[in-house]
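# Structural overview
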Amino acid sequence: MNPIYANILDIIPLKLNSTFAHLDPNAVVATDVNELQQVVLPAVLLQDFELAMGRKIEVVMGNTIALENNQLSLPCAQLSTTQKRELWQLIWRQQDAS
């Protein structure tokens, strides 16, 4: 926990012991395909993605915006302007590849 938040909440911040101190807290842990969380998008937006890509896609939660096989990973359902730009660039590259 960030010490600032601990101070605001008036709790003692925890620190990792020496066994885990070297691990990156932001590291991505590989998950099984069955454990992927679905991202619910408006039906019209999903149809637009599928129309632009020319195939059915499944939208799942991920750390980055990526398209592998028929699986589009998004960090969340509400994207920032930069993330939207990155997503549409990905779709544009997919259209060029087709």
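The text that follows walks through the structure, step by step, so that each part is easy to find. What you are looking at is a predicted structure, and each value in this text was computed from that prediction instead of being measured.

A separate point is the overall build of the protein. Secondary structure assignment for the protein yields 3 helices and 3 strands. Buried positions account for 20% of the 98 residues belonging to the protein. Of the contacts made within the protein by residues no fewer than 6 positions apart, 26% connect residues no fewer than 24 positions apart. In the form shown here, the protein has an accessible surface area of approximately 7,900 Å², with 56% of it arising from carbon and sulfur atoms.

Overall, the coordinates contain 1 salt bridge when judged by the stated rule. Note that lysine 56 and glutamate 50 form a salt bridge whose closest N and O atoms lie 3.7 Å from each other. Residue classification places glutamate 50 among the buried residues on the basis of a relative accessible area of 15%.

Considered for burial, the residues of helix 2 (residues 43-53) that qualify are Phe49, Glu50, Ala52 and Met53. Buried residues of helix 2, seen end-on, are gathered within an arc of 165° and therefore sit on one face of the element. What points out from helix 2, more than 90 degrees from its buried face, is the exposed set Ala43, Val44 and Leu51. Looking at the buried residues of helix 2, the elements they touch are strand 2 (66-68), strand 3 (71-74) and helix 3 (81-97). Directly after helix 2, the chain includes glycine 54, whose backbone phi takes a positive value near 75°.

Let us look at the packing of aromatic side chains. Evaluation of the coordinates by the stated rule reveals 1 aromatic pair. Here the aromatic rings of phenylalanine 49 and tryptophan 88 are separated by 5.4 Å at their centres, their planes lie at 55°, and the arrangement is tilted. With phenylalanine 49 in helix 2 and tryptophan 88 in helix 3, this residue pair connects regions lying 39 residues apart in the sequence. Residue classification places phenylalanine 49 among the buried positions, given a relative accessible area of 2%. Given a relative accessible area of 42%, tryptophan 88 falls into the partly exposed group.

Residue placement: leucine 36 occurs in the loop between helix 1 (3-9) and helix 2. Residue leucine 36 is classed as partly exposed on the basis of its relative accessible area, which comes to 27%. In sequence terms leucine 36 and methionine 61 are 25 residues apart; their C-alpha atoms lie 6.7 Å from each other.

Conventions adopted
- Residues numbered from 1 in each chain as written.
- Predicted model: local features only at pLDDT ≥ 70, side-chain atom pairs only at ≥ 80, totals over all residues.
- Heavy atoms only, no water.
- Helix = DSSP H or I, 4+ residues; strand = E, 2+ residues; numbered from the N terminus.
- Buried < 20%, exposed > 50% of the residue type's maximum accessible area, 1.4 Å probe, protein only.
- Contact = heavy atoms within 4.5 Å.
- Areas by Shrake-Rupley, 256 points an atom, 1.4 Å probe, with all protein chains shown as cover.
- Salt bridge = Lys/Arg side-chain N within 4 Å of Asp/Glu carboxyl O.
- Arc of directions from axis to C-beta.
- Phe/Tyr/Trp six-rings, centres within 6.5 Å; stacked < 30°, edge-to-face > 60°.

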